[in-house]
Amino acid sequence: MDETERLLESIVSGIREKKGSAITTVDLSTIDDTVCRYFVISQADTANRLLAITDSIRETVRLETGLKPAMVDGEKFAHWIAMDYGDIMVHLFMPELRRYYDLEHLWEDATVRNLPDEN
């Protein structure tokens, strides 16, 4: 498993730790001129839960990989939070904004994988 795959697993683990739902990974690695290798997209029903998921990702990734995000944006309003981990961009949404922006389908050549929610 390479560093990016370990990072991907850590991010998903951090999301699941705080009950993020509808986790989707978008593999952009086979597409030229993309800003990263993966998008990870998830959602939560409240701003407080989005903030908790953001903190969980930060802590889980730091403990498991030693990495910190280069940038985190959107925490002030917590409707769409973006976290930049270089090869992976994390997008945490309120459900209505996620439906509106539909990031999963911006690149039709990407491999989209919907992960099952854990109960």
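Here's a quick rundown of the structure. Since the model is a prediction, treat every value here as computed from it, not as a measurement. (Residues numbered from 1 in each chain as written. Predicted model: local features only at pLDDT ≥ 70, side-chain atom pairs only at ≥ 80, totals over all residues. Heavy atoms only, no water.)

Overview of the overall build of the chain
A tally of regular secondary structure across the chain gives three helices and six strands. Seen in sequence order, the chain has helices and strands lined up from the N terminus as α-β-β-α-β-β-β-α-β. Computed over the C-alpha atoms, the radius of gyration of the chain is 13 Å, within 12% of the 14 Å expected from 2.2 N^0.38 for a compact globule of 119 residues. Projected onto its principal axes, the C-alpha positions of the chain cover 35 × 35 × 30 Å. Expressed as a percentage of its 119 residues, the buried residues of the chain come to 41%. Taking the intrachain contacts of the chain between residues at least 6 apart in sequence as the baseline, contacts between residues at least 24 apart amount to 61%. Summed over its atoms, the accessible surface of the chain is roughly 6,900 Å², and 46% of this surface lies on carbon and sulfur atoms. (Helix = DSSP H or I, 4+ residues; strand = E, 2+ residues; numbered from the N terminus. Rg over C-alpha atoms; globule rule 2.2 N^0.38 Å. Buried < 20%, exposed > 50% of the residue type's maximum accessible area, 1.4 Å probe, protein only. Contact = heavy atoms within 4.5 Å. Areas by Shrake-Rupley, 256 points an atom, 1.4 Å probe, with all protein chains shown as cover.)

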